[in-house]
Amino acid sequence: MSIEVRNLKKRFGDYVALGDVNLRVETGELVALLGPSGAGKTTLLRVIGGLDHADSGEVFFHGQETTDRALREREVGFVFQHYALFRHMTVFENVAFGLRVRPKTTRPTEASIKDRVMRLLDLVHLGGLSTRFPSQLSGGQRQRVALARALAVEPKVLLLDEPFGSLDAKVRQELRRWLRRLHDELHTTSVFVTHDQEEAMEVADRVVIMNKGEIEQIGTPEEVYFGPKSAFVYNFLGNVNLFQGRVEGGRAYLGSVSLPLPDASPAKGDSATIYVRPHLLDLADQPNGLDHFRAKVEHIHPTGSTVKVELTAEWGEPFQVEISHERYRALALRRGMETFVTLRNESLFVETTPGDGMMFGEGI
Amino acid sequence: MSGARSRETTEPAWVRRLLIGGALAYLALFLFVPIGAVFAEALKKGIPAYLAAFRDPYTLKAFLLTILVTVLAVPLNVLFGIAAAWAITKFRFRGKNLLITLIDLPFSVSPVISGLIFVLLFGNQGLLGPWLQEREIRIIFALPGIVLATIFVTFPFVARELIALMQTQGSEEEEAALSLGANGWQTFWRVTLPNIRWGLLYGAILATSRAIGEFGAVSVVSGHIRGKTNTVPLHIEILYNEYNFVGAFAIASLLVLTALLTLGVKTVVQRRARAEQDRLGSAAPEQTP
Amino acid sequence: MTTRRRNARVLPGFGLSLGFTLTYLGLIVLFPLSLLFWKSATLGWGEFWAVATTPRALAAYRITLGASFIAASINMGFGLLLAWVLTRYRWKGRQFVDALVDLPFALPTAVSGIALTAVYSKHGVIGSKLEALGIQAAFSPIGIVLALTFIGLPFVVRTVQPVLEDLEPEVEEAAASLGASRWQVFHRVLLPMILPATLTGFALAFARALGEYGSVVFISGNMPMKTEIASLLIMTKLEQYDYPGATAIAVMMLGASFVLLLIINLLQWHAQRHRVSR
């Protein structure tokens, strides 16, 4: 079932939770609502699910308006951030709840309830824990019970609010891969909220990036990562260096050096911010014919899968570069060494402050 | 915690002993000795005389009346407490804080005044007095008046307990139940009620204990008709004023035992109610401004 | 366009629960209470004042306020002591005593009244000793203070106890490390921290004492102008079918309770703000 929201607006006093939000989620898609806290993503999810009402705007499920339909009639499965498991019921009774509260005429028999619950518990790998109480489970297990409980009523739409928010890093990793596989099996239209860009990129078919109650960009993970439409998106999706300079005639002037800009960049701007990711910069021990600037090595952090190098540019601004361990060894970097910085053949992002908005470009 | 206190943050042993001794002396003067005196007076003339006090038919009637009043008043306040807590903790509306203050109001009204207001309403000179007299309906100096006064003095107990409890519990479990297709009653019976049962019981125990023991308010509206409108505390007063001390203290001793039992049960229930409140695995949801 | 219920509530039962709450509150509490003011209004201001301030009424206010104040003060001192020894020291019987502190709340006031009279009358265990010293406890203002102390006993203990339990030992250790003596730590560091709770407890005990009836009537002797408290005067007027007189005194007493309630709320609000900013 597809979901569409049109012109949703909601305020809490002075605080704008939803500015004017339009969004379409196709049948069978898995979509992530991504943004910093306070971006309005949870509010949007709750309005879609019928847990909150917008001040204005409409919600459509499969082309039918559901804005005013009561929560219990929406057939959405909602997975709460803190699970909201029924504390006084066993795992089995939690999952069976949605079936047991049906009116007599549509309620499955006790045998088929049992059958369905056990099948779901096997699906979430909790078959052996059906008689436990929520307080006896780990965070990851509770999360899977919450999911099984939501799936038991065969919802047309699955909504998950920060599904892995309160779990530790390792469990998170496992669970999100598992969620992706589960979705590939069930194909239930799903929307989940997260503030973790890695999580959104890894799990979702499409990512909706939100900020201050507005949608900044919608696209596949590749589209938003490699084609950010705003400085906010570029910034939010990973580590980034900011250089202050000016733009003229297709070149950016940073201190005493100038660099060529992508074609689509703003033509002129007296004050510009150039965004570039640390791993899109490269270091060399001598000039190699490409446009470059000079920088001095300040610190080296060789831990992790890459080596992070902190440098000072020749015009005085500090910045960071990420290179591979092989490259690091080949260059024999030391603190205080002078290096030559070149830009890799991928996107950087320019924002000029007075006037003509934001543009981005590819290549150098 | 205090067991592990360093020498720097506690007092020398003699100071500690002095302070504990002082506190116990205060309790002895005001609590232990008077409670002991109840039993001493009740058993002054021996056990047969003690037991005889309970065989008095008026005593029996007083106990029946007190039980009847309690059984009528407390459930009504339980129902009210649940409704008030549901409205106050599950919804946002204007004037909520005023409503909470008004619910607590009966606690700051003196018992005698609590009785007086019902006399002003239903008494012969009261607002509805003439109307009731015409129809020969008796409220004051009869059972309905006693029940009303008792409801008034026990009014806030359940509501205030449940409001505090349900405020910390939040509404997520109810929302989950509704999203799974449960209707309002199912959500209440299967999700809310099991979560608040100990808090509810705790409030009901406090209300019951007050309902059994209420004296001032009931005294105003009862009329002290022996065998008809005399509750147990009023009966004690009558026996005492007739110098039937053994009888008065014998019944009083039973109420002391009831109070002690209530305290015991209350301590257990309170512990459970606290656990009910602590068992929340959740902080406030993100983005609530 | 369908008609919109824009402020539709997600959880059901708002109308039912709020409707029932307001109806019940109105019928049982607000409407009957408002009759006090209706009845007073029928008197007219001049007559109301005359009835409410007869010498006998003034004497009753004086004895009620005075005895309540003394009782609440005794409870403030000893309540603080009791809260201290219950939270700070581990001793045999502590938990038992802790549970018994609530007994005055659980005990019917009539029972408290006759029990105290039995102990403090001149034939009683303690009363006989006091009599030998020339002090008459029961059937005198002292008796009223005794009864009001009894019924207000738990308040200060129960408001101060949780605050003392929450105090971190580090605060005292810090003070001690800075060279403060134990007594200085207590009155410069601890006392200011527990003062709002202590005052709240005092005000609660005071408010409760103002309206008390059951425990006092047995021990006070009920002599007009001497040992007659306001609640008892209301009762006497009612027995004489003097409803206007009873109402006027009731309104005065209710006014005093509301002022106290306001003070209690301010104190609690102050304490809350203090705790948050910590």
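For the structure given in this document, a descriptive report is provided here. Worth saying up front: this structure is predicted, and the values here are computed from it rather than measured.

Some thoughts on the overall build of chain C
In step 1: Looking only at helices and strands, chain C features 13 helices and 0 strands.
In step 2: If you list the helices and strands of chain C from N to C, you get α-α-α-α-α-α-α-α-α-α-α-α-α.
In step 3: With respect to the principal axes defined by its C-alpha atoms, chain C has extents near 90 × 65 × 35 Å.
In step 4: Relative to its full complement of 278 residues, chain C shows a buried share of 54%.
In step 5: Considering only residue pairs separated by 6 or more positions, chain C has 75% of its internal contacts joining residues 24 or more positions apart.
In step 6: For chain C, the accessible surface area stands at approximately 12,500 Å², while carbon and sulfur atoms represent 67% of it.
In step 7: Charge centroids of chain C, computed over 22 positive and 14 negative side chains, lie 6 Å from each other.

Let's talk about unusual backbone geometry
Residues and elements named next belong to chain A.
In step 1: Even without glycine at this site, E154 takes up a positive phi of about 50°.
In step 2: Inspection of the secondary structure assignment puts E154 in the loop between α4 (139–152) and β7 (157–161).
In step 3: Judged by its relative accessible area of 53%, E154 falls in the exposed class.
In step 4: In the Ramachandran plot, A332 falls in the positive-phi region, its phi being about 50° despite a non-glycine side chain.
In step 5: Looking at where A332 falls in the secondary structure, it is placed in the loop between α9 (325–331) and β19 (338–343).
In step 6: Using a relative accessible area of 44% as the deciding quantity, one classes A332 as partly exposed.

Quick look at the nonpolar core
In step 1: L44(A) and L36(C) are the most contacted members of the largest nonpolar core, which has 221 residues in total.
In step 2: Counting contributing residues per domain, this core is built from domain 1 (9–41) and domain 2 (44–277) of chain C, each supplying no fewer than three.
In step 3: The residues touching L44(A), leaving out its near neighbours within four places in the chain, are V5(A), L8(A), L18(A), V21(A), L23(A), L33(A) and M210(A).
In step 4: Core analysis: the next-biggest nonpolar cluster, separate from the first, contains 45 residues, L85(A), V91(A), L120(A) and A148(A) among them.

Some details on the packing of aromatic side chains
Residue and element names in this part refer to chain B.
In step 1: Evaluation of the coordinates by the stated rule reveals 39 aromatic pairs over all chains.
In step 2: Pairing F118 with F152 gives two aromatic rings, centres 6.0 Å apart and planes at 80°, and the pair type is edge-to-face. Note that F118 is positioned in helix α5 (residues 111–122) and F152 in helix α7 (residues 143–153), a separation of 34 residues in sequence. Each member of the pair, F118 as well as F152, is classed as buried.

Quick look at the pairing of strand β15 (residues 281–284) of chain A
Residue and element names in this part refer to chain A.
In step 1: Burial along β15 is two-sided: the residues L281 and L283 and D282 and A284 are all buried.
In step 2: Bridge count for β15 against β19 is 4 bridges, and the pairing is antiparallel. What sits directly across from D282, in β19, is T342.

Examining the sheet that holds strand β3 (residues 30–34) of chain A
All names here are of chain A.
In step 1: With respect to topology, 6 strands assemble into an open sheet ordered β6-β7-β8-β3-β9-β10, the strand pairing being mixed. Looking along the sheet, the strands with just one partner apiece sit at the ends: β6 (76–79) and β10 (214–219). Within this sheet the neighbouring strands show an average axis-to-axis angle of 15°, counted without direction.
In step 2: Taken together, the 5 bridges between β7 and strand β8 (residues 189–194) define a ladder with parallel strand orientation. Among the inter-strand pairings, L158 is bridged to a residue of β8, identified as S190.
In step 3: Contacts from α4 reach β6 and β7, with the element oriented near 170° to β6.

What to know about the packing of helix α3 (residues 57–90) of chain B against helix α4 (residues 96–104) of chain B
Residue and element names in this part refer to chain B.
In step 1: At a minimum axis separation of 11 Å, α3 and α4 run at an interaxial angle of 160°. Classified by the angle their axes make, α3 and α4 are roughly antiparallel. Our pair here, α3 against α4, has a crossing hand that is left-handed. Mapping the contact onto sequence places F80, A84 and I88 in α3 and K96, L99, I100 and I103 in α4.
In step 2: Residues belonging to the contact of α3 with α4 are distributed by class as follows: 6 nonpolar, no polar and 1 charged.

Reading the values: rules and limits
- Residues numbered from 1 in each chain as written.
- Chains lettered and ligands numbered in written order.
- Predicted model: local features only at pLDDT ≥ 70, side-chain atom pairs only at ≥ 80, totals over all residues.
- Heavy atoms only, no water.
- Helix = DSSP H or I, 4+ residues; strand = E, 2+ residues; numbered from the N terminus.
- Buried < 20%, exposed > 50% of the residue type's maximum accessible area, 1.4 Å probe, protein only.
- Contact = heavy atoms within 4.5 Å.
- Areas by Shrake-Rupley, 256 points an atom, 1.4 Å probe, with all protein chains shown as cover.
- Lys, Arg positive; Asp, Glu negative; His and termini not counted.
- Charge placed at Lys NZ, Arg CZ, Asp CG, Glu CD.
- Core = buried A, V, L, I, M, F, W, Y, C linked by side-chain atoms within 4.5 Å.
- Domains from an automatic or database assignment.
- Phe/Tyr/Trp six-rings, centres within 6.5 Å; stacked < 30°, edge-to-face > 60°.
- Pairing = 2+ DSSP bridges.
- Axes fitted to C-alpha atoms, helices over the stretch in contact; angles between N-to-C directions.
- Parallel < 35°, antiparallel > 145°, perpendicular 65-115°, else oblique.
- Left-handed = near helix turned anticlockwise from the far one by under 90°.
- Nonpolar A, V, L, I, M, F, W, Y, C, P; charged D, E, K, R; others polar.

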